Amino acid sequence: MPSPSRRTVLATGSAVGGALLAGGMPAQARAADHADISDSDPWRTVLDDADLVWQRMPKTWYEGPYLGNGFLGSGIYAEPGAETKAVRFNVQHSEVQDHRPEFGSLFGLARLPIGWFTLEPVGAITDLDWRLGLRDAELTGTLTTDQGTLTLRALVHNSRSVLAVEVTPSEGERDFRWVFHPADAISPRADFKPLPDGYQGNPPAEVAEHDGVSTAVQPLLSGGQHVTAWRERTRGGTRCLYVHVAHSYPKSTALGRALTTVRGASALPYDRLAGTHRAWWHAYYRKSFLSLPDARIQRFYWIQLYKTASAARRDAPVMATSGPWLESTPWPNTWWNLNVQLEYWLIHGSNHLELDAVTRALSEFRGNLSKEVSDRYRADSLGIPRTTDPQLVNGAAGTLTGYGVGIPGQDPPTPEVGNLTWALHNVWLSYRHTMDESILRDVLFPLLRKAINYYLHFLEPGADGKLHLPATFSPEYGGNSRDCNYDLMLLTWGCRTLLESAELLGVKDALAPRWREVLAQRVPYPTDANGFMIGADIPFAKSHRHYSHLLAVYPLYELTGRTPDELALIEKSLAHWVGFEGALQGYTFTGAASMSALLGKGEDALRYLGQLMTRFIQPNTMYKESGPVIETPLSAAQSLHDMVCQSWGGVVRVFPALPAAWADLTVHDFRTQGAFLLSAVRRDGVTRWVRLVSEAGAPCVVRHGIAGAIDVRDGRGRPLRYRAVSDGTIQVALRKDESVLITARGERPDLTIAPVRPNADAPRWGLPA
């Protein structure tokens, strides 16, 4: 599928002008920021440039296109073993799971595979030309056979949750066909681990016809069902397949819903469905903008925004390890000792809080969190185990079926205690980026209070007069250790956050003195000559992919290098951690990139991201270890955010860790802590202007990075009073909906938001020729 080069496209977009900042601009300029997408629109420019293309047949999950809406997902690639005969369109759904808790979260509550359609041409496949258009969230292109061509368009509708695939065949391919293949309704973990005693697979799906709609009804041994319903409609020279999946438990009501949905959707031509679908996606992307001169990484970034909105919705289940695109995997559920946290970090800076399923799920299913701790602690404590289903249920505890929350000092089970506190850090980020007090009052404070209370049951004074933790487990190093840094760091952050939250909410909590005592008396984080240890009993002495022993550095920002000794400790620990090859994985390098960004080391951050791209990221930007997982590419987008903007500690830091090669950069409506929307432009290695819009009237302190004397103006161009906090950092009083523009003294820069020119050409993602 021919297209202009990226350099040509971006040069054209920049020359035409892009969009102008809203607020404080003439009416005609403000209108440009909200105009319909046109050829000169910067969002269209970067999105069209980031499209994935295939001129070779994808053969696996890691190579092919993927469509989704947080619930229904379809991964597309050649039918295994029949690459020239059929193309597989997987049909999977994030709500479809088993309901037998006696076999644990990995078997009895696991997500269940549904099945797949094969598109089977008349002739043998000889060529293809596909494009996954990010802007429209739609796959288009042609499939060529020795008998003709099949021109296709496919989407998973944003709101109707219907997979629609329109195919226009040439004369020789008029008799192509679709075939549905129900999958065995058994935990995908069975491909990797032995089945628990007594476990049996669910019965086969029952295929039937209902007045022109085909169905595959999958009964579950636990009760309930999931149903795949599909219908093909012919209009003129095209044939369109419509597919929907419904799940119900404990009642068997999914069949009626599936039939109703497919009948309603199939009454609409493909273009009618596509219109509302595209409108949602166009509005989604316009909530923020980022352009940088590395063509490969810029494309990667926009693909991650597409992937996130394809995999996440606030009302959808919290993302499982493979998102809605379930495949054979040892991890067929939701993982809480790293995966969930990394999956959702990028929603904050990219201004997509509408995708925050973590805050919603922890609030909605909080009643199940007390059941995950031992009976004697349930009255005042909460916990979340390593793995759960979407309702935060773990089921049976054991090495085979999935650990529950252990009791510190006792083994077995391995006492992985800190996962809930870490998940609540994501909730705290959602609060800080919106300043929505209801998140703080109704979700974070009550849940964090009980998560920290679980720790308080076990803290005990030692001979040194310090408070110590009995043995707990640091994901995923192996072995239990007293004063485990994973838990000490989360405990410290939790106590500090509870005290700050209580003050903000005007709450006089009886536990506040205990929280203060913990902060004053807890044992120092265990360290040795190499930096942070796993815990008092376990040094860091082998290759380890997880940064569980470094959470106080990132993402908690409890330790940031404020003193020379603290800085040296961070640098030593980071170098020691990544210095062990063998077990390092992709998210090792995203963590290292973000820690380097914290230290202002943009070159190091870019080098770590380069290793990630070279060693781990797959052709379609997916990621694999023993099975498919999606958290690492999404966390790489957050590492980019950390290079472009940081806002921990009440200070918005603009362009804190850019490598020299990124002399030009544009960011627009980047959401920061304090509920500010940041726009800024860098040209020729110099920050030209910085603009912040306050959504909540929070204190505004910004490290703007503009050298020398500055002008500070409000949204109407009038001088605005400010206070210099330090060199390059100012404090400005902004009320809600007010803005500040910071420029070099006497400068009146062009406030156009436009893509930057790439430093060099780069291949597209996918499988280009």
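In case you missed it, the structure is sitting above this.
Everything in this summary refers to the structure shown in the same document. (Residues numbered from 1 in each chain as written. Predicted model: local features only at pLDDT ≥ 70, side-chain atom pairs only at ≥ 80, totals over all residues. Heavy atoms only, no water.)

## Some points on the overall build of the chain
As a reminder of what qualifies: Only DSSP runs of H or I reaching four residues or more are called helices, and only runs of E reaching two or more are called strands; each is numbered from the N terminus. For the radius of gyration, the atom set is restricted to C-alpha positions; the globular benchmark scales as 2.2 Å times the number of residues to the power 0.38. Accessibility here uses a 1.4 Å probe with only protein chains present; expressed as a share of the type maximum, an area under 20% marks a residue as buried, one over 50% as exposed, and anything in between as partly exposed.
Helix and strand counts for the chain come out as 19 helices and 38 strands. Against the 2.2 N^0.38 benchmark of 27 Å for 769 residues, the chain shows a C-alpha radius of gyration of 26 Å, consistent with a compact globule. Taken over the C-alpha atoms alone, the chain extends approximately 80 × 70 × 45 Å along its principal axes. Evaluated residue by residue, the chain yields a buried proportion of 63% over its 769 residues.

## Quick notes on the pairing of strand S12 (residues 206-210)
Test applied: The pairing criterion for strands is at least two bridges between them, as found by DSSP.
Note that S12 and strand S13 (residues 213-219) share 5 bridges and pair antiparallel. Counted as the bridge partner of Glu209 is Ser214 from S13.

## A few points about the side chain of His546
What counts is decided by this rule: Contacts are assigned to residue pairs that have any heavy atoms within 4.5 Å of one another.
Tracing the sequence through the fold places His546 in the loop between strand S24 (531-532) and helix H16 (564-578). Note on His546: relative accessible area 0%, which makes it buried. Setting aside residues no more than four positions away along its own chain, His546 makes contact with Asn337, Leu338, Trp422, Pro475, Glu476, Trp577 and Tyr587.

## Points about the packing of aromatic side chains
For any pair of aromatic rings, the description rests on two quantities: the centre-to-centre distance and the angle between the ring planes. Rules: Aromatic rings from Phe, Tyr and Trp, with only the six-membered ring used for Trp, were paired whenever their centres fell within 6.5 Å, and each pair was classed as stacked if the ring planes differed by under 30 degrees, edge-to-face if by over 60, and tilted otherwise. Think of it as a cone above the ring: NZ of Lys or CZ of Arg counts as a charge over the ring if it is within 6 Å of the ring centre and within 35 degrees of the ring normal.
Evaluated as defined, the whole model comprises 38 aromatic pairs. Centroid distance Tyr547 to Tyr554: 6.4 Å. Interplanar angle 50 degrees. Geometry classified as tilted. For Tyr547, a relative accessible area of 0% gives the class buried. These aromatic residues form a ring-pair network of at least three members: Trp43, Tyr66, Trp280, Trp281, Tyr284, Tyr285, Phe289, Tyr301, Trp302, Tyr306 and Trp325. Its guanidinium or amino end placed over the ring of Trp765, Arg296 lies 3.4 Å from that ring's centre, counting from NZ or CZ.

## Brief notes about the sheet that holds strand S28 (residues 652-654)
Strand order in this open sheet of 5 strands is S27-S28-S32-S35-S34, and the pairing throughout is mixed. Both edges of this open sheet fall to strand S27 (645-646) and strand S34 (722-726), since each of them pairs with a single strand only. Across 4 bridges, the pairing between strand S32 (residues 700-703) and strand S35 (residues 729-732) is antiparallel. Residue pairing in the sheet places Val702 in a bridge with Ile730 of S35.

## What about the pairing of strand S29 (residues 665-672)?
Most of S29 sits inside the fold, with 8 of its 8 residues counted as buried. Bridging between strand S16 (residues 289-291) and S29 involves 3 bridges; their strand directions are antiparallel. Opposite Ser291, over in S29, you have Thr666 as the bridge partner. Bridging between S29 and strand S30 (residues 676-683) involves 6 bridges; their strand directions are antiparallel. The residue of S30 that forms the bridge with Val667 is Ala680. Hairpin connection from S29 to S30: 3 residues lie between these consecutive antiparallel strands, with Gly674 at a positive phi of about 90 degrees.

## What to know about the state of the cysteines
For clarity, the cut-off: Disulfides are defined in this document as cysteine sulfur pairs within 2.5 Å.
Taken as a whole and assessed by the stated rule, the structure comprises 0 disulfides. Free of any disulfide, Cys700 has its nearest neighbouring cysteine sulfur in Cys645, separated by 11 Å. The buried category is assigned to Cys700, whose relative accessible area is 0%.

## Quick word on the sheet that holds strand S8 (residues 138-145)
The strand order across the open sheet formed by 10 strands is S12-S13-S14-S15-S10-S9-S8-S7-S2-S38, and the pairing between neighbours is mixed. Bordering the open sheet on either side are S12 and strand S38 (766-767), each of which pairs with just one other strand. Two strands pair when backbone bridges link them, and strand S14 (residues 225-235) and strand S15 (residues 238-248) are joined in this way by 11 bridges, in the antiparallel orientation. Bridging from a neighbouring strand, His226 pairs with His247 of S15.

## Some words on the layout of surface pockets
Applicable threshold: The pocket and cavity definitions rest on a 1 Å grid over protein atoms only: a 1.4 Å probe that fits but cannot leave marks a cavity, an open set with protein on both sides within 12 Å along at least five of seven lines marks a pocket, and residues lining either have an atom within 4 Å of a point. Grid points are joined across faces, edges and corners, and a volume is the space filled by probe spheres set on the points.
Estimated volume of the largest pocket: approximately 760 Å³. Elements with a contribution of two residues or more to the lining of the largest pocket: helix H12 (419-434) and helix H14 (485-505). Take the lining of the largest pocket: its biggest share by element is 7 residues, from H14.

## Describing unusual backbone geometry
The peptide bond linking Tyr249 to Pro250 adopts the cis configuration, its omega dihedral lying at 5 degrees. Among the structural elements, Pro250 can be located in the loop between S15 and helix H5 (254-266). For the bond running from Tyr554 to Pro555, omega is 15 degrees, close enough to zero to count as cis. Structurally, Pro555 can be placed in the loop between S24 and H16. Its identity is not glycine, yet Leu392 carries a phi of approximately 70 degrees, on the positive side. Within the secondary structure, Leu392 sits in the loop between strand S18 (387-388) and H12. In this structure Leu392 comes out as buried when scored by relative accessible area, which is 1%. At Asp737, a position not held by glycine, the phi torsion is positive, near 75 degrees.

## What to know about the packing of helix H17 (residues 586-598) against helix H19 (residues 631-644)
Two quantities define a packed helix pair, namely the angle between the axes and the distance from one axis to the other. Condition: Only C-alpha atoms enter the line fits that serve as axes; for helices the fit covers just the stretch in contact. Angles between N-to-C directions range over 0 to 180 degrees. Here the angle decides the label: under 35 degrees means roughly parallel, over 145 means roughly antiparallel, 65 to 115 means roughly perpendicular, and every other value means oblique. Three classes are used, and their members are as follows: Ala, Val, Leu, Ile, Met, Phe, Trp, Tyr, Cys and Pro are nonpolar, Asp, Glu, Lys and Arg are charged, and the others, Gly among them, are polar.
It is the contact of H17 with H19, at a shortest axis distance of 9 Å, that shows an interaxial angle of 10 degrees. Accordingly, the angle class assigned to the pair H17 and H19 is roughly parallel. Counting all contacts with H17, which are made through Gly586, Tyr587, Thr590, Ala593, Ser594 and Ala597, the residues of H19 involved are Glu631, Thr632, Ser635, Ala636, Ser639, Asp642 and Met643. Its residues placed into classes, the contact of H17 with H19 shows 5 nonpolar, 6 polar and 2 charged.

## Quick look at the nonpolar core
The condition that has to hold: The definition of a nonpolar core used throughout is a set of buried Ala, Val, Leu, Ile, Met, Phe, Trp, Tyr and Cys residues joined through side-chain atoms within 4.5 Å.
Grouped together as the largest cluster of nonpolar side chains are 218 residues, with contacts concentrated most on Trp302, Leu362 and Trp515. Of all the elements, helix H13 (residues 437-456) adds the most residues to this core, at 12 residues. Every residue in contact with Trp515, bar those within four places of it in the chain, is listed here: Phe445, Arg449, Ile452, Leu456, Cys495, Leu498, Leu499 and Asp509. Within the second largest apolar cluster, 10 residues are counted, among which are Ala164, Tyr242, Tyr270 and Leu273.

## Points about the side chain of Gln638
As for its position among the elements, Gln638 is in helix H19. Beyond its immediate stretch of four places on either side in the chain, Gln638 contacts Trp345, Leu346 and Tyr554.

## Some details on the pattern of salt bridges
The cut-off we apply is this: Definition used for salt bridges: Asp or Glu carboxyl oxygen within 4 Å of a side-chain nitrogen of Lys or Arg.
Applying the stated criterion across every chain yields a total of 36 salt bridges. Across the pair Arg748 and Asp711 runs a salt bridge, and its minimum N-O distance is 3.7 Å. Taken together, the residues Arg748 in the loop between strand S36 (739-744) and strand S37 (752-753) and Asp711 in strand S33 (residues 710-714) connect sequence positions 37 residues apart. On the basis of relative accessible area, Asp711 is assigned to the buried category, the value being 17%. Residues joined in a network through salt bridges with shared partners are Asp711, Arg713, Arg745 and Arg748.

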